[in-house]
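Chain and residue survey
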Amino acid sequence: MSIGVLVTGAGGKMGREVARAVHAAEGLQVVAAVDPAAAGRDLGELTGLPGLSLEVHADMPSALSAVKPDVMVDFTVAAAARGNIRQALEAGVRPVVGTTGISQDEWASFGALAESKGIGVFYAPNFAIGAVLMMAFAAKAARYMPAIEIIELHHDQKKDAPSGTALRTAQMIAEAAQLPPRPATEHFTVEGARGGAVGSVQIHSVRLPGYVAHQEVILGGLGQTLTIRHDSLSRESFMPGVVMAVRKVMDLKGLVVGLEQLLEGI
């Protein structure tokens, strides 16, 4: 039996990529699409896949009244994703979410709702498997080289800074190692030149056209540095992780955060 998937933001760059990936994956099927900016259009036309002929709905209620999917995949913006996630959970649909900018308190609320429904809700700040490995390696290295800074680089249309990946990396580092206090900068010629701090980890955000999603973690030790870097060169890099999450969320209960939770041995 195939897993029916609803794609939100289906007319956007990530939404179209998700629709193509789900359509191509064995055992998965796109059964509905939502995007107010593309409402009434044909998903096959939007994705360039004539076999994926579905009318895009304007909102979640209209999509859910037409079909009952098993999973919703959301790569939109936080303002839209909040409503999409709640409406999906209330309908018994399992959300797989890559949208950043949602608070920990909101995720806790969504997790409680998922628990009450006996289903899972999965969130990852980054679905690229290489990025997850970068984060895991950085957390392990932090036990031995605890002077750490993160530089994350994204396209200029990204709404939030720092990225969810950088925040998750800093969290994983803090969980893995006791970090010393950050060195104090005594004088700022330009305010904010040192970026922002998450605990003892300094994060620097770059937003420029031409980038997709990139992050490097620089660790310093006595007379040496170690740089761990990951580059997503296209949105296709996220799709194997999305497909994995769609399959595995069917067996989850409550809130699960981070693709590393789905990878064996990480």
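Below you will find a few notes about this structure. Numbers given for residues are sequential positions, taken from 1 along each chain in its written order. A pLDDT threshold of at least 70 governs which residues receive local features in this predicted model, and a stricter bar of 80 or more applies before side-chain atom pairs are shown or counted, although totals over entire chains, interfaces and linings include all residues. Processing note: side-chain calculations cover all non-hydrogen atoms of the structure and skip hydrogens and water entirely.

1. Focus: the pattern of salt bridges
Here is the rule: The salt bridge definition used is simple: a Lys or Arg side-chain nitrogen within 4 Å of an Asp or Glu carboxyl oxygen. Strands are runs of DSSP state E lasting at least 2 residues, helices are runs of H or I lasting at least 4, and numbering of each runs from the N terminus. The buried label applies to any residue whose accessible area, calculated with a 1.4 Å probe on protein chains only, is under 20% of its type's maximum; exposed applies above 50%, and partly exposed to all values in between.
The final tally for this structure, using the stated rule, is nine salt bridges. The salt bridge involving Glu17 is made with Arg20; its shortest N-O contact spans 3.6 Å. Of the two residues, Glu17 and Arg20 are both situated in helix H1 (residues 13-24); the distance of three residues between them amounts to about one turn of the helix. For Glu17, a relative accessible area of 17% puts it in the buried group. Residue Arg20 is classed as partly exposed on the basis of its relative accessible area, which comes to 27%. When the shortest N-O distance is used, the salt bridge between Glu216 and Arg229 registers 2.9 Å. Residue Glu216 is found in strand S9 (residues 213-221), and its partner Arg229 is found in strand S10 (residues 224-232); the two are separated by 13 residues along the sequence.

2. Quick notes on unusual backbone geometry
Backbone geometry follows two general trends: most residues other than glycine have a negative phi, and most peptide bonds adopt the trans configuration. Note that the residue after Ala161, namely Pro162, is joined by a cis bond; omega there is -5°. Here Pro162 shows up in the loop between strand S6 (147-154) and helix H7 (164-176).

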